[in-house]
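# Architecture and fold: a report
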There are 2 protein chains.
Amino acid sequence: VGLPRQAVTPSGSVGATPGRLLVDGLQINDWSREILIEAKDGGLSCVHATCAVWEDARATLSEIARWMQRFAQHDDLVVHAVSTADIVAARESGRLAIVLGFQNTSPIEDDLSLIEVFARLGVRVMQLTYNIQNYVGGSCYEPHDGGLTRFGSLVVGEMNRCGMLVDLSHVGPRTSLEAVEASTVPVAITHANPLWFHDASRNKTDAVIQAVAERGGVIGCTLYPLCTGGAERTLDEFCAMVERLAGLVGIEHVAIGSDAARGWPDTHVQWLRNGRWRPPENGEAPAWPEWPEWFRGPAQFGALIQALVDRGFSEAEAAAVGGGNWMRLFGQTFAGA
Amino acid sequence: VGLPRQAVTPSGSVGATPGRLLVDGLQINDWSREILIEAKDGGLSCVHATCAVWEDARATLSEIARWMQRFAQHDDLVVHAVSTADIVAARESGRLAIVLGFQNTSPIEDDLSLIEVFARLGVRVMQLTYNIQNYVGGSCYEPHDGGLTRFGSLVVGEMNRCGMLVDLSHVGPRTSLEAVEASTVPVAITHANPLWFHDASRNKTDAVIQAVAERGGVIGCTLYPLCTGGAERTLDEFCAMVERLAGLVGIEHVAIGSDAARGWPDTHVQWLRNGRWRPPENGEAPAWPEWPEWFRGPAQFGALIQALVDRGFSEAEAAAVGGGNWMRLFGQTFAGA
């Protein structure tokens, strides 16, 4: 696969400190000190971490407060990053950079002005919908995706202005295409795979992937079993998917967003699946899916990128997929207008 | 009246730019462009502006968002200040600095962690109670003030840490004394007068004033008619009160907090008086009190300070009361621990 020069330049300091600058496009762990260490052990310099899924504005404030306490409590290990400069500085100080993001627009409710408020609190990524239609658009699970709403169009513009990256991972196909059009800067699919790799509502059509890539965005290939086909998937098959996707859209648009969900009890799946919008599933005990033995959590992130090199990726290509492409996109979007 | 050297040093640049560096310790206007201009016309470099009174966390976010929009819309005229350096810089650029504050702890509800969240959003002052008892302590209007609560003691400590100035203006006498004790840094009475000047629940006992001053705090003498005795009060009587208070506690502890309330219709008084805690007053049409002709709003702030000079205050003394003392206290508290 070819590698445009642009793709590795932004990571810059790859040669300056040992190892690759690795960035995971999304993790949704229940972050304890042990799991922060797991991420560092996996060689990661930066993780985009979810801090709201179904929460409204008030509940999100408490989640952000918990993150502030976590940053203070583990300041030897982790730092809140709101820019690529912060990520580079964290790496130089031997710490893990965390970019905070939402997997829903529920934190802003129907209030456009809250985008700037949360941006000022250091939130840098927002997914336009989680698993149900909201004020902004249709989700990937709706039978009919009506597209980006009038409010949604304003939301995308305000996110562009305030330096919040648009994430389309759980978003429906029509809303996704219209959001790519509405955004003045490149957007992300932080954690999803192509439909041709595994046929699931959460995965993406060629049209959406192509649109995101054409406008300079990045697709984070994901390890979440629902999006890969399950624990039986081999590392080789996953790497082949990354390689094929890079061949189709250009390696500068391909990265990893593992969707690692470490530390949660099975009961947390109920919350993620049902929120407050539908009753708990009857007679069904929700449980986390089984992960493949080659990716059970962030500690194996570095090994996954090494597997790409073993497969024949050049060092520069592995650096781009492993972190450089996210760094370029973060640099293009986090500063705002 | 004597003037300790300490009192004028912090304002520093008084000689560097024309006119005194004037700071109003509290205004609660409905801030339009016209009223921002009024404040500048009054010679003010900085105003501590109220952005929440009865609002809970969610409603306060919208109030803060409105301020962000106001700062952006009038950025030729006004700037959000979170430090004394910001105030000096605003003055040098010919703009009015606004310090945002709450007149209640309602924005943090019963959640200690929200102090840091609002501090990060740039809120630098919080009054422990408005007109009724809350989670933190007793107000000046309660028949019995039970003192600073256990939560209140934690709130004061967290405010010290996060760089939020403790304001005791509407706070009951026992809670005030206990808050002075609890705080590791000086505190403020941003807008109240001594009881000996006018006998009203909102004014302060000698014990509270003495305690605030002894610990290095500042008392902002106020123009609000309820605290002065009404529109018939003369400028001369007000200046005599400032002079007597300076003689009692030291001029470095005396400043002005006008409580200017420009731009609101009479219906807003209903909200301030009753919030959601009691029914509207029956048969009574609430109305703003009449202000004295020598202080109808922020445009007359500079003239008020000039009246102190005309009375015999030295230029340094007028600079201390007019802004230097607030600058010193802001410098001691806004950076946090």
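In what follows, the accompanying structure is described. (Residues numbered from 1 in each chain as written. Chains lettered and ligands numbered in written order. Predicted model: local features only at pLDDT ≥ 70, side-chain atom pairs only at ≥ 80, totals over all residues. Heavy atoms only, no water.)

### Side note on the pattern of salt bridges
If you walk through the whole model with that rule in mind, you get 30 salt bridges over all chains. The residue Asp111 of chain B makes a salt bridge to Arg58 of chain A at a minimum N-O spacing of 3.1 Å. Separated into two different chains, Asp111 of chain B in the loop between β4 (96-102) and α4 (114-120) and Arg58 of chain A in helix α2 (residues 57-73) make up a pair that spans both. Asp111 of chain B gets classed as buried once you look at its relative accessible area, which sits at 15%. Residue classification places Arg58 of chain A among the buried residues on the basis of a relative accessible area of 18%. Glu158 of chain B is paired through a salt bridge with Arg161 of chain B; the nearest N and O atoms lie 2.9 Å apart. Pair noted here: Glu158 of chain B and Arg161 of chain B are both in helix α5 (residues 150-162), with a separation of three residues, about one helical turn. Taken together, the salt bridges that share partners define one network made up of Glu116, Arg120, Glu158 and Arg161 of chain A. (Salt bridge = Lys/Arg side-chain N within 4 Å of Asp/Glu carboxyl O. Helix = DSSP H or I, 4+ residues; strand = E, 2+ residues; numbered from the N terminus. Buried < 20%, exposed > 50% of the residue type's maximum accessible area, 1.4 Å probe, protein only.)

### Quick notes on the packing of helix α9 (residues 235-249) of chain B against helix α11 (residues 301-311) of chain B
The axes of two packed helices give the description: the angle between them and the distance between them. Residues and elements named next belong to chain B. Interhelical geometry of α9 versus α11 gives an angle of 75° and a closest axis separation of 10 Å. Classified by the angle their axes make, α9 and α11 are roughly perpendicular. Counted together, Leu235, Asp236, Phe238, Cys239, Ala240, Val242 and Glu243 of α9 and Leu304, Ala307, Leu308 and Arg311 of α11 form the full contact between these two elements. (Axes fitted to C-alpha atoms, helices over the stretch in contact; angles between N-to-C directions. Parallel < 35°, antiparallel > 145°, perpendicular 65-115°, else oblique. Contact = heavy atoms within 4.5 Å.)

### Notes on the pairing of strand β4 (residues 96-102) of chain A
Residues and elements named next belong to chain A. Along β4, seven of the seven residues are buried, which leaves the element largely enclosed by surrounding structure. Of the two faces of β4, the one carrying Leu96, Ile98, Leu100 and Phe102 and the one carrying Ala97, Val99 and Gly101 are both buried. Of the pairings in the sheet, the one linking strand β2 (residues 44-52) to β4 comprises six bridges and is parallel in character. Residue Val47 lies in a different strand from β4, and its bridge partner there is Ile98. Relative to β4, strand β3 (residues 78-80) runs parallel, the two being bridged by three bridges. Opposite Val79, over in β4, you have Ala97 as the bridge partner. As defined by bridge partners, β4 adjoins strand β5 (residues 123-127) across three bridges and the pair is classed as parallel. Bridging across to β5, Gly101 finds its partner in Val125. (Pairing = 2+ DSSP bridges.)

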